[in-house]
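Close look at the chain arrangement
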Amino acid sequence: MPPRITQTERATWVVYAVVAVLLLAVPLLTHSFSLPVLFAWLLLIATVAMAAVWHRQGTIRGPEWIRPEDYDAFLKKIQQPPTPAPEKPAPPRPPARLAGRGRSDGPPAPP
C-alpha cells in the first residue's frame, strides 16, 4: 500500500514552512513591510493552495507511489532503444567532392 504522504510531498511542505518563516522573520527583523514581501506572501499562499488541491486530488505522485512490479516495467519501457520508422526515406547524401584540381567539364571520377 502506498504511503499517505510521500517523501517528496513531505519535503515540499517543509520547504513551504521554511519560506513562510523567512517571510515572517525578515520583515520583523528589518522593520519593513513592502510590496515585494506582500507579493511573496501571495505567491506562497497560492502555491500552498495549489499543492493542497493536488494532494487531495491525488495528482501528485512520486516514485514512492509506484509498486515495484510497475516500476520495473516502467524502467524496461523507457530503456528500450527507439525503433526506426520504416516508412521514412533515407536522408539525402551530400554530393561527392572533386578528386583534384582538374577541369570540371569532364565526367565525374568513379567512386
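Now for a description of the structure that goes with this document. (Residues numbered from 1 in each chain as written. Predicted model: local features only at pLDDT ≥ 70, side-chain atom pairs only at ≥ 80, totals over all residues. Heavy atoms only, no water.)

**Brief notes about helix H2 (residues 35–57)**
In a regular helix each residue adds 1.5 Å, so 23 residues correspond to 33 Å; H2 covers 33 Å between its end C-alpha atoms and thus fits that length. Buried residues of H2: Val-37, Leu-44 and Ala-51, and no others. Lining the buried residues of H2 we find helix H1 (7–30). (Helix = DSSP H or I, 4+ residues; strand = E, 2+ residues; numbered from the N terminus. Expected span 1.5 Å × (residues − 1). Buried < 20%, exposed > 50% of the residue type's maximum accessible area, 1.4 Å probe, protein only. Contact = heavy atoms within 4.5 Å.)

**Quick look at a nonpolar patch on the surface**
A cluster of nonpolar side chains, Val-14, Val-18, Leu-22 and Val-26, forms an exposed patch at the surface whose accessible area comes to about 340 Å². Among the secondary structure elements, Val-26 is positioned in helix H1. Residue class for Val-26 comes out partly exposed when judged on its relative accessible area of 46%. (Patch = residues over 30% accessible without salt bridge, like charges linked within 9 Å, V, L, I, M, F, W, Y side chains within 5 Å. Areas by Shrake-Rupley, 256 points an atom, 1.4 Å probe, with all protein chains shown as cover. Salt bridge = Lys/Arg side-chain N within 4 Å of Asp/Glu carboxyl O.)

**Observations regarding the packing of H1 against H2**
It is the contact of H1 with H2, at a shortest axis distance of 11 Å, that shows an interaxial angle of 160°. Compared by their axis directions, H1 and H2 come out roughly antiparallel. The element H1 and its partner H2 pack so that their crossing is left-handed. Counting all contacts with H1, which are made through Glu-9, Trp-13, Tyr-16, Val-19, Ala-20, Leu-23, Leu-24 and Pro-27, the residues of H2 involved are Val-37, Ala-40, Trp-41, Leu-44, Thr-47, Val-48, Ala-51, Ala-52 and His-55. (Axes fitted to C-alpha atoms, helices over the stretch in contact; angles between N-to-C directions. Parallel < 35°, antiparallel > 145°, perpendicular 65-115°, else oblique. Left-handed = near helix turned anticlockwise from the far one by under 90°.)

**Points about unusual backbone geometry**
In this structure, His-31 is a non-glycine residue whose phi angle is positive, near 60°. Among the structural elements, His-31 can be located in the loop between H1 and H2.

Remember that the coordinates give geometry; whether it matters functionally is a separate question.
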